[in-house]
Amino acid sequence: MSDAAIEILNVVKRYEGHVAVRDLSLRVPRGAVYGLLGPNGAGKTTTIRMIMNIIAPDAGEIRVLGVPSSDASITDRVGYLPEERGLYRKMRVRDVLIFLGRLKGVPRRELPARVDRWLERFQLRGHGADWGASRVDELSRGMQQKVQFIGALLHEPELVILDEPFSGLDPVNAQALKDTVAELRTQGRTVIFSTHVMENAERMCDAVCIISRGEKVLDGAVSDVRGAHANHTVALTFEATPPDAVLALLRDPSRIARPTLPSRQMELELHAQADAQRLLADLLSAGARLERFELVRPSLHRIFLEQVGASGVETGMSGHG
Amino acid sequence: MAESKLGTIVRREYLERVRSKWFLIATLLAPVFLVFMLFLPTIMEQRERRSESGTIRIVDATSDSVGALIATSLRGGVAGDTARAQWVPVANDSARQSAERAAIQAVLDASIVGYLMIDASAIASGRLRYAGRNTTALLTMQQLEGAITRAALTRELEREGIGSGRSGTLAAMRVRLETERLTTRGRGGSGRVSVLFAIGVAVTLYLTIFMHGSNVMRGVLEEKQTRVAEVVLSSVPSDTLLFGKVLGIGAVGFTQLIIWTVMSTALMAIRAPLLARFGMQVDAFALPDVTFALAAVILLSFLLGFLFYAALFAGVGALVSTEQDAQQAQMPVVLLLVLSLAMVQGVVTNPEGSLATIMTLLPMSSPIVLPLRLSLAPVPTSETIASLVILLASSILATLFASRLYRTGVLMYGKRATLREAWRWMQRR
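Residues numbered from 1 in each chain as written. Chains lettered and ligands numbered in written order. Predicted model: local features only at pLDDT ≥ 70, side-chain atom pairs only at ≥ 80, totals over all residues. Heavy atoms only, no water.

Participant: How should I be thinking about the sheet that holds strand β5 (residues 67-68) of chain A in this particular structure?
Facilitator: Two orientations exist for strands paired in a sheet by backbone hydrogen bonds: parallel and antiparallel. Residue and element names in this part refer to chain A. Judged by pairing direction, the sheet is antiparallel, and its four strands sit side by side in the order β2-β1-β4-β5 without closing on themselves. Both edges of this open sheet fall to β2 (18-29) and β5, since each of them pairs with a single strand only. Helix-sheet contacts for helix α1 (residues 44-51) involve β1 (4-15), β2 and β4 (59-64), and the interaxial angle to β1 is about 120 degrees. (Pairing = 2+ DSSP bridges. Helix = DSSP H or I, 4+ residues; strand = E, 2+ residues; numbered from the N terminus. Contact = heavy atoms within 4.5 Å. Axes fitted to C-alpha atoms, helices over the stretch in contact; angles between N-to-C directions.)

Participant: Would you mind showing me how to read the nonpolar core here?
Facilitator: General note: in soluble globular proteins, nonpolar side chains tend to be found buried as a group. Core analysis: the biggest nonpolar cluster contains 153 residues, and A:Leu159 and A:Ile161 have the highest contact counts within it. With 15 residues, helix α11 (residues 292-319) of chain B is the single largest residue contributor to this core. In terms of nonpolar packing, the next biggest core, distinct from the first, is built from 17 residues, A:Leu249, A:Leu268, A:Leu270 and A:Leu283 among them. (Core = buried A, V, L, I, M, F, W, Y, C linked by side-chain atoms within 4.5 Å. Buried < 20%, exposed > 50% of the residue type's maximum accessible area, 1.4 Å probe, protein only.)

Participant: Just checking my understanding: could you explain empty space enclosed by the protein for this structure?
Facilitator: Residue and element names in this part refer to chain A. Per the stated rule, a full pass over the model turns up four cavities of 30 Å³ or more. A volume near 110 Å³ is recorded for the largest cavity. In terms of lining residues, the largest cavity is bounded by Leu81, Arg85, Phe122, Gln145, Lys146, Phe149, Pro165, Leu169, Asn173, Ala176 and Leu177. If you list the elements that add at least two residues to the lining of the largest cavity, you get α4 (141-153) and α5 (171-186). Among the residues forming the lining of the largest cavity, the class breakdown is seven nonpolar, two polar and two charged. Both of domain 1 (1-65 + 158-226) and domain 2 (86-153) provide at least three residues apiece to the lining of the largest cavity. (1 Å grid on protein atoms, 1.4 Å probe; cavity = no way out; pocket = protein on both sides within 12 Å on 5 of 7 lines; lining within 4 Å. Points joined across faces, edges and corners; volume = space filled by probe spheres on them. Nonpolar A, V, L, I, M, F, W, Y, C, P; charged D, E, K, R; others polar. Domains from an automatic or database assignment.)

Participant: Got a minute to help me understand the sheet that holds strand β4 (residues 129-132) of chain B in this structure?
Facilitator: Residues and elements named next belong to chain B. Strand order in the open sheet formed by four strands is β2-β1-β3-β4, and the pairing between neighbours is mixed. Because the sheet does not close on itself, it has two edges, and the strands there are β2 (85-89) and β4. The average undirected angle you get between the axes of adjacent strands in this sheet is 20 degrees. As paired elements, strand β1 (residues 56-60) and β2 share five bridges and run parallel to each other.

Participant: Help me out: how do you make sense of the pattern of salt bridges in this one?
Facilitator: Oppositely charged side chains are able to pair whenever their charged atoms sit close together. Residue and element names in this part refer to chain A. For the structure shown, the criterion picks out 37 salt bridges over all chains. Notably, a salt bridge pairs glutamate 239 with arginine 289, separated by 3.0 Å at the nearest N-O pair. Taken together, the positions of glutamate 239 in the loop between β13 (233-238) and α8 (244-251) and arginine 289 in the loop between α9 (276-285) and β15 (290-296) put the pair 50 residues apart, joining distant regions of the chain. A salt bridge links glutamate 291 to arginine 264, with the shortest nitrogen-to-oxygen separation between them at 3.6 Å. Placement of the pair is glutamate 291 in strand β15 and arginine 264 in the loop between α8 and β14 (265-269), with a sequence separation of 27 residues. In this structure glutamate 291 comes out as exposed when scored by relative accessible area, which is 52%. Exposure remark for arginine 264: the relative accessible area of 38% places this residue in the partly exposed category. Here the salt bridges do not stand alone but share partners, grouping Arg94, Asp116, Glu120, Arg125 and Asp130 into one network. (Salt bridge = Lys/Arg side-chain N within 4 Å of Asp/Glu carboxyl O.)

Participant: Sorry if this is basic, but what is going on with the packing of aromatic side chains here?
Facilitator: Geometry of an aromatic ring pair is reported as the spacing of the ring centres plus the angle between the planes. Enumeration over the complete set of coordinates arrives at eight aromatic pairs over all chains. Where A:Trp118 meets A:Phe122, the ring centres are 6.1 Å apart and the plane angle is 25 degrees; that geometry is what we call stacked. Per residue, the accessibility class of A:Trp118 equals that of A:Phe122, and both read buried. Arranged with centres 6.4 Å apart and planes meeting at 10 degrees, the rings of B:Phe210 and B:Phe313 form a pair that is stacked. With B:Phe210 in helix α8 (residues 191-225) and B:Phe313 in helix α11, this pair connects stretches of sequence that are 103 residues apart. Taken together, the aromatic side chains of A:Trp118, A:Phe122 and A:Phe149 make up a single cluster linked through ring pairs. Over the ring of A:Tyr15 we find A:Lys13, and its NZ or CZ is 5.6 Å from the ring centre. (Phe/Tyr/Trp six-rings, centres within 6.5 Å; stacked < 30°, edge-to-face > 60°. Lys NZ or Arg CZ within 6 Å of the ring centre and 35° of its normal.)

Participant: Explain the environment of A:Leu9 here, please?
Facilitator: All names here are of chain A. Position of leucine 9 relative to the elements: it lies in strand β1. Judged by its relative accessible area of 43%, leucine 9 falls in the partly exposed class. Distance in space between the C-alpha atoms of leucine 9 and isoleucine 62 is 6.3 Å, their sequence separation being 53 residues. Residues within four places of leucine 9 in sequence aside, it is in contact with Leu24, Ser25, Gly60 and Glu61.

Participant: Would you take a moment to explain the pairing of strand β10 (residues 190-195) of chain A for this structure?
Facilitator: Regular strands have side chains that alternate between both faces of the sheet. Residues and elements named next belong to chain A. Burial within β10 is extensive, with six of its six residues counted as buried. Both faces of β10 are covered, namely the face carrying Thr190, Ile192 and Ser194 and the face carrying Val191, Phe193 and Thr195. Inspection of the sheet shows strand β3 (residues 33-37) paired to β10 by five bridges, in the parallel sense. Paired with glycine 35 across the two strands is phenylalanine 193, which belongs to β10. The sheet contact formed by strand β9 (residues 159-163) and β10 spans five bridges and is parallel.

Here is the structure:
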């Protein structure tokens, strides 16, 4: 048995008029939390749909948990939260979940207890209330998201795929989602999620893959990715808004590779020939009062911008993300 | 415990619909409608009879009192209801004119409903004049025409030397055609009833196929609009989802048909006592005996016809994203169905003609026309089999195409596919 949860080899997917995914190869290790990052229209959703065998690749090979993704037996071992959320609006929540559980091969007699357990866990049941008996369209959006999330996890899959799981979540529910992902990882399950919010990816992922315009830009363990780009990034925190002389230094192209809007906290990329120690001395002599001056490994956000570039974001096509 | 994924989908589609209020309402209202249709003719006839109670004045300028004969006839005999008709003989033209003026006034006063002007030349030419408030009451007008014809004929026969009693009998002679349907299995029901029954079957099939077929479209559309399709598709192939939907909704229609059959059988059994209870006349109304083979063909026609149209409707559902688009895009499919129903008249008039034969073989109309013809007249077994086989093959073909459209279309949100795109989706393997 392969130790990869997912292996994608030279996969291509074309749509009329454009190529959504071109020659993509990646490998997701078992037990990892894996981030699929990219701007809108980069091909994330298309890639995920191909992993889920909802659409077929035009070329290449995808293996999920060691078997080809087209193998029907694999679906019961995978949980999926699509980017486009939705449930049968007129159905009762409990019935929807039992339906989804049955589609994943959970025995009917086990389902009611299991559904109740999950509803309680997501505060949809208990303290005298039971949203399981309500119709889906009677629930708030946040609650519906939770129900959908339960639907993806109810059958306790080995592999969980979440497409943009944070979109539309309020901070409380977003935290609940992060906790659940952390718990899934301690249980040894593999979690893949796509996002364009780099902070989430950085905090949660063991490994990431950044794709843009259907192509892989980079991939690997988060620590490796950040280490490989840890050449010239400085994090600054000023005590107060810095004087103009300081700001002028921060705009000097011979020191700073990429100017950033001035603020109290900044993350700067130094010019390749610039020296961080020299910059610190110059800043202090220009009258800056610093709370922090740190040579850091760049955030995923910065790496993402560097690699994908603003143009990659702007020209990203909507639709088959 | 080995309920398959297909079974899970069929079960959901079936239970969610059968449990809904609308299923209950539709299933119960249809028989109410049926009862209404069964009782309506009887009720209408009785109402009509009651509404005839107006006086008709006959202004008679003939020399041989034809008007008196008409009046007697309208009264229903010599000892009949004198309020039904008045006879006003006039001797000359001026008397005739003043009598007409008086009659017009009487109509406006509502003391009579109308008046009839007769004179010898009018009878000879066969063109008489009636004026009144009830000229649209067809039954009354028919009765009046009959009475005039009989009266004129009686006088004519008398002039030819036939005795007055005899000429009255001759003029009143009438023929009534009793029709009876002969089948190879012997006599069964009256011709009129079997036509009614056949049309009832055709309309019921049309309605159920239409209703549940478009339910398939709405189901596909709902899954697209709510985006729930993608969740389901991560667990089952699109074919399974489509077939499960079609089978589940088909089972709903089947259930409805069976409930209706049971209900109408029960209703037919209690119809006579019920009518009698309300003091209504009961005419003999025997259902043509429905053979097992006919019942089987009716159910099979529903199943295959539903399958055929459900596939077409599902294809439409896969192409569109909004209810409005769906209304437009379903037109060709709806037209096929409506056209088939429109042909029913032609088939009833001539169940063995070439139109009937063609309609029996075309898959778009055969699920409606085949049971219709079978309940009207014998259909060659070879033709029945050919019809069912063609329908089955077309259903399978339609389902194959629909599942291809569905596979691509179900994940296309927000825009309506063009015909060219649809064609490309169908070719994609």
